[in-house]
Amino acid sequence: MSTVNTQDDEDTFKILVATDIHLGYLEKDPVRGNDTFVTFNEILDHAQKNEVDFVLLGGDLFHDNKPSRKTVHSCLESLRKYCMGDRPVQFEILSDQAVNFHYSKFPWVNYQDENLNISIPVFSIHGNHDDPTGADALCALDILSCAGLLNHFGRSTSVEKIDISPILLRKGRTRIALYGLGAIPDERLYRMFVNKQVTMLRPKEDEDSWFNLFVIHQNRSKHGATNYIPEQFLDDFINLVVWGHEHECKIAPFQNEQQRFYVSQPGSSVVTSLSPGEAVKKHIGLLHVKGKSMKMQKIALETVRTFHIEDIVLADHPDLFNPDNPNVTQAIQAFCMEKVELMLDNAERERLGNPRQPEKPLIRLRVDYAGGFEPFSVHRFSQKYMHRVANPKDIIHFFRHREQKEKNDIDLNFGKWVSRPAEGTTLRVEDLVKQYFQTAEKKVQLSLLTERGMGEAVQEFVDKEEKDAIEELVKFQLEKTQKFLRERRTDAEEEKIDEEVRKFRETRKKNTEEEDKEVREAMTRARAHRSEDAVLAAASSDEDSMDMEMVGISDPSEGLPATLSRGRGRARGSTNQESASSSRTYKPVSVPAKHTIIDAFKPLKPNSSLNSSQAYSEDIIDVDSDPEDTSFVPSSKVNQRLSTTSSLSKRGSQSQTSRGVDFESDEDDAFMSPAISRRTK
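What comes next concerns the included structure.

About the thresholds
Residues numbered from 1 in each chain as written. Predicted model: local features only at pLDDT ≥ 70, side-chain atom pairs only at ≥ 80, totals over all residues. Heavy atoms only, no water. Helix = DSSP H or I, 4+ residues; strand = E, 2+ residues; numbered from the N terminus. Buried < 20%, exposed > 50% of the residue type's maximum accessible area, 1.4 Å probe, protein only. Areas by Shrake-Rupley, 256 points an atom, 1.4 Å probe, with all protein chains shown as cover. Axes fitted to C-alpha atoms, helices over the stretch in contact; angles between N-to-C directions. Parallel < 35°, antiparallel > 145°, perpendicular 65-115°, else oblique. Left-handed = near helix turned anticlockwise from the far one by under 90°. Contact = heavy atoms within 4.5 Å. Nonpolar A, V, L, I, M, F, W, Y, C, P; charged D, E, K, R; others polar. Expected span 1.5 Å × (residues − 1). Arc of directions from axis to C-beta. Core = buried A, V, L, I, M, F, W, Y, C linked by side-chain atoms within 4.5 Å. Pairing = 2+ DSSP bridges. Phe/Tyr/Trp six-rings, centres within 6.5 Å; stacked < 30°, edge-to-face > 60°. Lys NZ or Arg CZ within 6 Å of the ring centre and 35° of its normal. Salt bridge = Lys/Arg side-chain N within 4 Å of Asp/Glu carboxyl O. Right-handed = clockwise from strand over helix to strand, strands pointing away.

1. Brief notes about the overall build of the protein chain
Along its length, the protein chain carries 15 helices and 20 strands. Taken across its 681 residues, the protein chain has 46% of its residues classed as buried. Counting every atom, the protein chain has about 36,800 Å² of accessible surface; 50% of that belongs to carbon and sulfur.

2. Topic: the packing of helix α1 (residues 35-49) against helix α2 (residues 69-83)
How two helices pack is summed up by the angle between their axes together with the distance between the axes. At their nearest, the axes of α1 and α2 sit 10 Å apart, and the two run at 15° to each other. Classified by the interaxial angle, the pair formed by α1 and α2 is roughly parallel. The hand of the α1/α2 crossing is right-handed. Listed contacts from α2 to F37, F40, N41, L44, D45 and Q48 of α1 are K70, T71, S74, C75, S78, L79, K81, Y82 and C83. Of the residues belonging to the contact of α1 with α2, the class tally is 7 nonpolar, 5 polar and 3 charged.

3. Considerations on α2
Because each turn of an α-helix spans 3.6 residues, side chains separated by three or four positions end up pointing in the same direction. Look at α2: 21 Å from first C-alpha to last across 15 residues, which is about the 21 Å you get at 1.5 Å a residue. Taken together, the buried positions of α2 are T71, V72, S74, C75, S78, L79, Y82 and C83. The arc that holds every buried residue of α2, seen down its axis, measures 165°, which confines them to one face. Exposed and oriented more than 90 degrees from the buried face of α2 are R69, H73, E77, R80 and K81.

4. Re the environment of F476
With respect to the helices and strands, the residue F476 is situated in helix α11 (residues 469-488). Relative accessible area serves as the criterion here: at 12%, F476 is assigned to the buried category. Sequence separation between F476 and R525 is 49 residues; the distance between their C-alpha atoms is 9.1 Å. If we ignore the near neighbours within four places in the chain, the residues touching F476 are E518, E521, A522 and R525.

5. Some thoughts on the nonpolar core
With 31 residues, the main nonpolar core has L61 and L79 as its most contacted residues. The set of elements that each furnish at least two residues to this core consists of β1 (12-18), α1, β2 (54-57), α2, α4 (140-146) and β14 (283-290). Sort the elements by how many residues they give to this core and α1 lands first, with 5 residues. For L61, the contacting residues outside a window of four places in its chain are I21, H22, L23, F40, C75, D130, L141, L144 and L150. Grouped together as the second largest cluster of nonpolar side chains are 30 residues, I93, F101, Y111 and F211 included.

6. Details of unusual backbone geometry
Backbone geometry places H22, a non-glycine residue, at a positive phi of 55°. Position of H22 relative to the elements: it lies in the loop between β1 and α1. With relative accessibility at 0%, the residue H22 sits in the buried group. A positive phi angle, near 55°, is found at D60, a position not held by glycine. Assignment of secondary structure puts D60 in the loop between β2 and α2. Since its relative accessible area comes to 0%, D60 is described here as buried.

7. Some words on the pairing of strand β8 (residues 174-181)
With 8 of its 8 residues buried, β8 lies for the most part within the structure. Going residue by residue along β8, you find T174, I176, L178 and G180 tucked away on one face and R175, A177, Y179 and L181 tucked away on the opposite face as well. The pairing of strand β7 (residues 167-171) with β8 spans 5 bridges and is antiparallel. Following the sheet pairing, K171 is matched in β8 by T174. One ladder, built from 6 bridges, connects β8 with strand β10 (residues 211-217); its direction is parallel. Paired with Y179 across the two strands is F214, which belongs to β10.

8. A closer look at α1
Taking 1.5 Å per residue as the helical rise, α1 with its 15 residues ought to reach 21 Å, and the 21 Å between its terminal C-alpha atoms agrees with that figure. Burial of α1 is extensive: 11 of the 15 residues sit out of reach of the surface. Along α1, the residues classified as buried are D35, T36, F37, T39, F40, E42, I43, L44, D45, H46 and A47. Lining the buried residues of α1 we find β1, β2, α2, β14 and β15 (293-300). Where α1 terminates, the next one or two residues include E51, which has phi positive at roughly 50°.

9. Looking at the packing of aromatic side chains
Tallied over the entire structure, the rule returns 16 aromatic pairs. Arranged with centres 5.9 Å apart and planes meeting at 50°, the rings of F13 and F91 form a pair that is tilted. Taken together, the residues span a long stretch of sequence, with F13 in strand β1 and F91 in the loop between α2 and β3 (92-93) at a distance of 78 residues. With respect to burial, F13 and F91 carry one shared label: buried. Grouped by ring-pair contacts, the aromatic residues F13, F54, F91, Y111, F123 and F153 constitute a single cluster. Across from the ring centre of W210, 4.6 Å away, lies the NZ or CZ of R175, which sits over that ring.

10. Structural notes on the pattern of salt bridges
Scanning the model with the defined rule gives 19 salt bridges in all. Measuring nitrogen to oxygen at the nearest pair gives 3.0 Å for the salt bridge that ties K290 to D9. Of this pair, K290 sits in strand β14 while D9 sits in the segment before β1; the two residues are 281 residues apart in sequence, bridging distant segments of the chain. Looking at K290, the relative accessible area reads 32%, which means it is partly exposed. Notably, a salt bridge pairs R220 with E231, separated by 2.8 Å at the nearest N-O pair. Linking R220 in the loop between β10 and β11 (240-244) with E231 in the loop between β10 and β11, this pair joins segments that are 11 residues apart in sequence. Here the residues in one salt-bridge network are R202, E207 and D208, joined through shared partners.

11. A look at the pairing of strand β18 (residues 396-399)
Only one face of β18 is covered, namely the face carrying I396 and F398; the face carrying H397 and F399 is uncovered. A crossover links strand β17 (residues 362-368) with its parallel partner β18, the connecting element being helix α7 (residues 378-383), and its sense is right-handed.

12. Quick word on the sheet that holds strand β13 (residues 262-265)
Spatially, the 7 strands line up as an open sheet ordered β3-β7-β8-β10-β11-β13-β12, and their pairing is mixed. Either end of the sheet is taken by a strand with one partner, and the two such strands are β3 and β12 (250-255).

Okay, structure coming up:
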């Protein structure tokens, strides 16, 4: 690796590199709640003191896909405090920013906005924790980008082909091509690399004179056959890869012998899992780039809570522990207390040299009790360290290595077939579903859906709270299968239908691209369905609140008609508006009846009820309706209610007009929005 002179000059880029900050992690914890915010301030403080040209983040700035108001507020506060100012930005952008930020309403870098005063630009890709989701495919980084405090890049929405266009930067005679790719499901991206569907575009002029910097947020270590991205997939013209998502700090650039580029893995800035990889000292990097040379300077983070972890195998101490001894449990507990006290002493010595470090450390003692031993009460043990450690409930972790000999049971043992992951590794719901159905008995095997499609639907349901994901996938696949059977004109015999369904399912499993499209289409329908429900709920709530304000109370003894109360909100302004709004009806979201494959062959019967004089309307009337009334009422009653409502609104409007009061219409209320509902490496 070529190095550069640490002396700053007009040709040297200084870039602060960090990944996986996870703002908002355990924000409700009384001890660890502010850890992420304090460390984020330290990172930006280093950027300001070192007068860097820009900050480069490798994803997972936020821990949750939908961060809380406190988390968003703290992030905005820090960015405004450290990244805004009068210090001029010393580099320029040469690429077409409309291509680099094409998904933004403000397709240009924030420091070039005439309405903002940015001194330290921040460039960031999204991670798997804060990735775009929902009907509009927005993420928390888009909020920061819209506010002008961060530049979100590396976003790709296509599942067929990804073209990564670089942001071209120039400072003096040094030119950097900054590539970025936000988090994509590993299996999908792996397949796209194999199929040559990922292209990294290069500058047309002097392509060999650029320093090529690539930021990625994927699994680097192998978690399965395709649940990671091998470094060999990346192009060999890259000079440095900043790899996010992996939390173990390996920030010193390491050269890939095959591709010849260097890889830097900054790791996380907060401990999110009590695993050995998280116990490595946390660092950020100060990257110097001059020409085609670079140097990575490690900066230790001082505000990170110290973490100590140790493993004990009880079977390795036969001189101390005998399973047949009735007092062996007390002996094990005393031995564990000695180990914890030793780790606390080490943590205290480490903190004495760093007063900015939090007082209470994280302690983890993993005890392997295989060999006939019994675990003691973790709750009672943790009570002794309630005021000395930051994680009293998680100090002790008992585990037992599985024995190699297993019984050959006839019944399916789910726990036997699904192996438990090592502590600190991530087992995705999608993989668990796939593994279950592949090893399940024949009677519970999927016959219509595919394991992959069902796994992704369950993943959407768990991680992003898409409550209609599974239902929409089932309906979508059922519709496609029924259409296939109609086109094949299959005889209405159950055996032939089952055979055709099996063939159709196997064809879909082989065509992975088509299956990806189907799953994405089903997820899009689920998001649109959720948005429609939210809009209808908000509209219905608004109507109810307005109707409550417009109900007047009169004294029956005076024989006067009821008048409209003024209320706190805005009322309708005219008679026409009033009667139109009051008689408004809402159609319910249609829920199709449950169909089977056999139903696809039944002839459609005309709906004779539409011609009947006793036909029922499917309009839901929420004006003057009693909560106990049914939602489906005869058409004659609907007309009667509409006329009654119209007369009531007419009287109300005349009463308001006689007082000389004119109100705006509710139709332009810009603040009517659905409620926002509330994802770990």
